[in-house]
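# Observations on the model geometry
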Amino acid sequence: MPVFSDALLAALNAPQREAVITTEGPLLVLAGAGSGKTRVITTRIAYLIEKQAAAPESILAVTFTNKAAEEMRVRVGELVGQEKAKKVTISTFHSFCLQVLRRDIGHLGRRRNFTIYTENDARILLRRVTDELGTEESERYSPARFHQAISLRKNHGGKAPAISRAVRISAADEKYESRLSHVYESYQSALQAANSLDFDDLLLFTHELWQRFPEVLESVQRQFRYVMVDEYQDTNRLQYELLRMLTAAHRNLCVVGDDDQSIYSWRGAAPRNILDFEKDFSEARVIALEQNYRSTGVILAAANGVIGNNRERREKKLWTSRGAGRLCDLFIVGDEEEEAREARRWLEHIVRSTKAAWRDFAVLYRSNMQSRPFELAFREAGIPYKVFGGQDFFERAEVKDLISYLKLLANPRDEAAFLRIVNMPRRGIGDSVLHQAHEVCRTEGCSLSKALFVLLERGQTPSRSEGGIRRFLYMLQDFRKRYKENGHGLRETTEALIRAIGYAEEVERVSKTPEQAQARLQNLDVVLQALSRYVEEAACPSLSGFLDQTHLDNASMEERNHYETDDQVSLMTIHSAKGLEFPFVFIVGLEDGCLPHEQSMKEGGIEEERRLFYVALTRGQRHVTLFQALSRMRHGKERECKPSRFLTEIPAELLRMHGCAAPQMMSRG
DNA sequence: AGACCCAGGTTTTTT
DNA sequence: ACCTGGGTCT
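A brief look at the structure comes next. As a convention, each chain's residues are numbered from 1 in the sequence order in which they are written. Chains carry letters from A onward and ligands carry numbers from 1 onward, assigned in written order. Per-residue local features are limited, in this predicted model, to residues with pLDDT of at least 70; the limit for side-chain atom pairs, both in listing and counting, is 80 or more; totals at the level of whole chains, interfaces and linings are taken over all residues. Side-chain measures were taken over the full set of non-hydrogen atoms in the model, leaving aside hydrogen atoms and water.

Right, let's get into the nonpolar core. Take the buried Ala, Val, Leu, Ile, Met, Phe, Trp, Tyr and Cys residues and link them wherever side-chain atoms come within 4.5 Å; each set so joined is a nonpolar core. Each residue's exposure class comes from its accessible area (1.4 Å probe, protein chains only) as a fraction of the maximum for that residue type: buried when under 20%, exposed when over 50%, partly exposed otherwise. In this structure, Leu202 and Trp210 are the most contacted members of the largest nonpolar core, which totals 58 residues. Residue contacts follow a heavy-atom distance rule, with two residues in contact if any of their heavy atoms lie within 4.5 Å. With residues up to four places along the chain from it excluded, the contact list for Leu202 reads His94, Cys97, Leu98, Leu101, Phe114, Ile116, Leu197 and Leu552. One finds Leu402, Val433, Leu497 and Leu524 within the second-largest nonpolar core, a separate group that totals 54 residues.

What follows is the structure, given as C-alpha cells:
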C-alpha cells in the first residue's frame, strides 16, 4: 500500500503546497484553469489522513458530477490505498443529500421509500396539475417552463428570486409570478401524494431537515470534520446554505473553484458565492493557483487577454514556465458548411504534420445544433468522431417505460410512473377510467393503483377494461413481492417482468422496422446489464438502490470509459468540455450572435459568454484554432454575421489569419 | 388507437 | 427550416 511521502509535497509548487497543508479553518483556493486543482484536493485528502491522522470517515468531498467524484476517488485511492479511500465520502451534493434523507426523512413526516422524479416525471405531473388549476396557466406556459421556474425558486432556498434571466418572461407576463406560486404549491402537494422528490427537493428537504431537527444536523456535523468542495463557482444559494450549516461548528471548509469558469449561472449557480467567500468566513485563507501546467504561453496570453475584459472577477493571471508555442490560427470562412470543410482539411493537415491521433482533437461549439456540418464533413472524410451530449439514454421511450415499471413497483404512489405505463402495453385502461381513479385518489387519499382496485370492487369499471385492470393489479402485487424477497435476483425478476407484461411483443408491434425493434430491445438489454452490474457491486442490492443510482448517475447505464479508449475526434459544446483538455482545440462559430450568443446578450449575460470563450481557449494544450463564418443559417434563414467581439480581445500578435476567400473559390474537390 | 396537422420553439445541462 | 408535442379527426 502506498504511503504518503514528503516527496508528494515537494512535487507541488508553493501555493499548491500551502493549500494542502492548510487543513484547519475556512480556505478558498482560487484555482485557475489547468493549475492542478484536482491534484491539490486529492493530495490534501491524503495529507489529512496520513499526516494529520484524520479518520477517512471524517472527510467529505463534494463534487458536481459523478464523473468528477469517480475520478477523485480513484486518485485518492492511488495515494492512500483503496481501503482508506473507500471510507472517504466523495459524492455529489445530490447523492449526499439522498443518503441523509433515506435515513432521516421520516422526521419530516415523509416515507423513506420515496422515488426520485426526473425532469420528465416532473413535467408529466405539472401537466396534470396545471390542467386542473384551470386553462389559463396551462395555455400560456409549458410544464417545462414552470418546472424551470420552480427549480430556480427551490435553489434559492424556497424564496422567490428576482425573475431570472433563465426564465424568459416578458414584462407583459407579470401575472405569471402569482400563478407560479399557485402552481408551485400544487406541484409540491402532488409530489407529496406521489411520495416523490424531484432533484431540487433532495437539497431542499435536507435543508429543512437540518433546520428543524438540530440533532440530525449535529450528528452529521460530528461525523464530517473536514469538508471540501470542488467547482465551488457552480454552487447555488441552497448548496451554499447546506455547506454553511454543515461546517458551522468547526468551520473546516475548503472550497476550490475559479470564478472565471463559472458558466452555469443560467441554471441557478451563484458565482457570488466565490466572490463573497471572505465576507461569510472572515477568517478565511485565500490561496490563488496561477501557474498553469496545461497550455502554451500563447494560449494563456490569449485567454488572459479575453478574460481581462470582465469586471466581476477576482484578478488573476495564468502563467506557464513552458514555451510560447504556436500562434492561434484564425480561419475566416463563408458559412457553416465551409467551416466544417476547412476544419476537416486543417485537422487532416495537423495529423499529417504532427502524427497526432484523432483523440487529440476537439471541436467546441456554443450550441448542439452546430455539430451537424462537422458530422457530415467528418463522415465523408472517414474521420472517426464522437458527438457528446446528444439524446440521453433515458429519453428513449422503452427505457422510460421499463424504468417507470420499476419505479412504480418500488413506490406504489408514484403517479408519473403509473400514468406512463398503466396502458403500455395496452390494457384497455383509457382516460375515463383514469379520471375516475383520480377522483378516488382525491377522496380516499390513496394511490392510483389502489383506486383502480376500489373501482373494481364497486363495479364501476367498464367491462371492457375489467380484465386488463385485474391483470395489471395482479402483476403489480406479484412483482412487488418478488422484488422485495430477492435483492440479488434483480435482473432475473426484471426479465420475468418484461415477459409477464409482453413488452417485447409490444415493442415489435409498435416498431416500424425490424431494425428499430432490434435497437429498442437492445436498449432494454442495457438496462438489464446495468442491473447485473449493480447487483455485483452493491453491498446490499435492492430495487430502490438501483433506481437511486440510475437517477443520480447518468453514466451508470453506459458502458464505462467507452469514449476514452476509442480514437475519435470529440465534438461537444463548450459547456460539456469544462474540466477536459485536448492537445488541439478548434473553437468554431466565432460570430456575434453565436458566441456570444444572441439570447444571452439580450439578457445582459455578456460576461458569462466571455467566460465561456475563456473556458474554450483554456481547454487547449498545444494549439488552438478559431473559425469565424461570414454568414450562417439562423432560424432557417441565411444571415450575415459580424465577427465575435471576443476575437478583438485576443492580442492581434497572437493570431495568424487565414484567407477570406469567396465561398466558391474555397470549394475544391 | 393511430394518422395527420398545426403551432411553437429553437443556448448552454446535472442531478 | 425543422423538430416536438398536443390536439383532432377517423
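Take the pattern of salt bridges next. Each salt bridge in this description consists of a side-chain nitrogen of Lys or Arg and a carboxyl oxygen of Asp or Glu lying within 4 Å of one another. Following the criterion strictly, the structure yields 48 salt bridges and no others. One salt bridge in this structure joins Arg251 and Glu283, with 2.7 Å as the shortest N-O distance. In this pair, Arg251 sits in the loop between α13 (237-246) and β7 (253-257) while Glu283 sits in the loop between α15 (277-280) and β8 (285-289), placing the two residues 32 residues apart along the sequence. For Glu283, a relative accessible area of 41% puts it in the partly exposed group. In DSSP terms, a helix is any run of H or I states spanning at least four residues, a strand is any run of E spanning at least two, and both are numbered starting from the N terminus.

Turning to the side chain of Ser371, a few remarks are in order. Looking at the secondary structure, you find Ser371 in helix α18 (residues 371-381). According to the relative accessible area criterion, Ser371 is buried, its value standing at 6%. Ignoring sequence-local partners within four residues, the contact set of Ser371 consists of Tyr365, Val387 and Leu571.

A rise of 1.5 Å per residue sets the reference length of helix α23 (residues 463-485), with its 23 residues, at 33 Å; its end C-alpha atoms lie 34 Å apart and thus fit the reference within 8%. Three or more residues of α23 are buried, namely Ser465, Gly468, Ile469, Phe472, Leu473, Met475, Leu476, Phe479, Arg480 and Tyr483. Check the buried side of α23 and you find it contacts α19 (397-410), α20 (415-421), α21 (431-444), α22 (448-458), α24 (490-500) and α27 (543-552). An expected span of 1.5 Å times one less than the residue number is assigned to each helix.

Alternating positions in strand β3 (residues 89-92) separate into two faces, Thr89 and Ser91 on one and Ile90 and Thr92 on the other, with burial throughout. What makes two strands pair is DSSP finding at least two bridges between them. Looking at chain direction, strand β2 (residues 59-63) and β3 are connected through four bridges and run parallel. Paired with Thr63 across the strands is Thr92, a residue of β3.

All right, on to the sheet that holds strand β1 (residues 27-31) then. Think of a sheet as strands paired side by side through backbone hydrogen bonds, with each pair either parallel or antiparallel. As summarised here, the arrangement of the six strands in space is β3-β2-β6-β7-β1-β8, forming an open sheet in which the pairing is parallel. Since the sheet does not close on itself, it has two edges, and those belong to β3 and β8, each with one partner. Taking the axes of each pair of neighbouring strands and ignoring which way they run, one obtains an average angle of 15 degrees across the sheet. Sheet strands touched by helix α4 (residues 66-80): β2 and β3. Its angle to β3, the strand with the most contacts, is close to 165 degrees. This element, helix α6 (residues 93-104), spans β2, β3 and β6 (226-229) of the sheet and lies at about 110 degrees to β3. With axes taken as lines fitted to C-alpha atoms, and helix axes fitted only over the stretch in contact, angles between N-to-C directions fall between 0 and 180 degrees.

This part covers the packing of α19 against α27. α27 packs onto α19 with a crossing angle of 130 degrees between their chain directions and a minimal axis gap of 10 Å. On the basis of their axis angle, the class for α19 and α27 is oblique. Where α19 crosses over α27, the handedness of that crossing is left-handed. Taking contact as the criterion, the partners of Ile403, Leu406, Lys407, Leu409 and Ala410 in α19 are, on α27, Leu543, Phe546, Leu547, Thr550 and His551. By the definition adopted for this analysis, an angle is roughly parallel if under 35 degrees, roughly antiparallel if over 145, roughly perpendicular if from 65 to 115, and oblique otherwise. In this scheme the crossing of two helices becomes right-handed for a clockwise turn of the near helix relative to the far one and left-handed for an anticlockwise turn of less than a right angle.

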